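Understanding the architecture of this molecule
Spelled out, the chains give:
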Amino acid sequence: MLTVDFDRLGVGPGTSVIDVGCGAGRHTFEAFRRGAHVIGFDQNVADLNSVDEMLQAMAEAGEAPATAKGEAVKGDALDLPYEDGTFDCVIASEILEHVPEDDRAISELVRVLKPGGSLAITVPRWLPEKICWLLSDEYHANEGGHIRIYKADELRDKVLAHGLELTHTHHEHALHSPYWWLKCLVGTEKNDHPAVKAYHQLLVWDMMGRPWLTRTAESALNPLIGKSVALYFTKPDARG
């Protein structure tokens, strides 16, 4: 389930990409599948081991061009171990809401982006997230949980302050908002609750089959209750 639009980012063969806070690797895998030279970057060793295994399996199965390169790297998003202007594309999906020093993290994302390159940031959208917080402390008040709720214009301005230009915004995963509201109502750990199980089966059916009915419904609902907001920026190239 992708939150970032890779067509909009222009990721293709040879594009250098870093997926900061890659988690289970969904965006790393898509960049690799498109032939990019991608680094899945995270603090979680277990997640990174799984990402590395999947990258190797994809390569062996021929699911990516032979020229594609994929690597899993452990590190701190507040101190990325790369030179200024290293990457054509920087992705930070559903990470900044976890980071106390988000301004410092944003500075690092911008620093390692090449002039002329693209930055994609996604975070939980204000309204669906606010409802989750109102329904359940358990949803966010845990170690490594969400520590803030962004308004899109607030996040936009934090990035624009670094001299980047906003190119596009959109919302995604509207069908996931009611799912999380339901989990917050019954208890976020109660995955065996009948209503939660039934809704989860719907989401799996949607993700696996992408049927016309749910795709149309989500497209219509995304502007209203999309669970995530995605913002795209470019870094001006002083060379013109």
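The name an unreviewed UniProt entry assigns to the protein chain is Methyltransferase type 11, from the organism Mycolicibacterium smegmatis.

For strand S4 (residues 87-93), a buried count of six out of seven residues is recorded, marking the element as mostly surrounded by other parts of the structure. Across three bridges, strand S1 (residues 16-20) lies against S4 in parallel orientation. Bridge pairing in S4 places isoleucine 18 opposite valine 90. Looking at chain direction, S4 and strand S5 (residues 113-124) are connected through six bridges and run parallel. If you follow alanine 92 over to S5, its bridge partner there is isoleucine 121. Each parallel crossover has a hand, and for S4 linked through helix H4 (residues 102-111) to S5 it is right-handed.

Here glutamate 94, not a glycine, exhibits a phi torsion of approximately 55 degrees, which is positive. Unusually for a residue other than glycine, histidine 173 sits at a positive phi of about 65 degrees. Summarising the element assignment, histidine 173 is placed in the loop between strand S6 (165-172) and helix H7 (176-186).

This next bit is on the UniProt feature "domain: Methyltransferase type" (unreviewed entry) in the protein chain. The sites that carry the UniProt feature "domain: Methyltransferase type" (unreviewed entry) are, in the present numbering, residues 18-121. The span residues 18-121 is 33% helical and 30% strand by assignment, and the distance between its end C-alpha atoms comes to 12 Å.

Criteria and cut-off values
Residues numbered from 1 in each chain as written. Predicted model: local features only at pLDDT ≥ 70, side-chain atom pairs only at ≥ 80, totals over all residues. Heavy atoms only, no water. Buried < 20%, exposed > 50% of the residue type's maximum accessible area, 1.4 Å probe, protein only. Helix = DSSP H or I, 4+ residues; strand = E, 2+ residues; numbered from the N terminus. Pairing = 2+ DSSP bridges. Right-handed = clockwise from strand over helix to strand, strands pointing away. UniProt positions renumbered as here; feature names shortened; annotations may be inferred.

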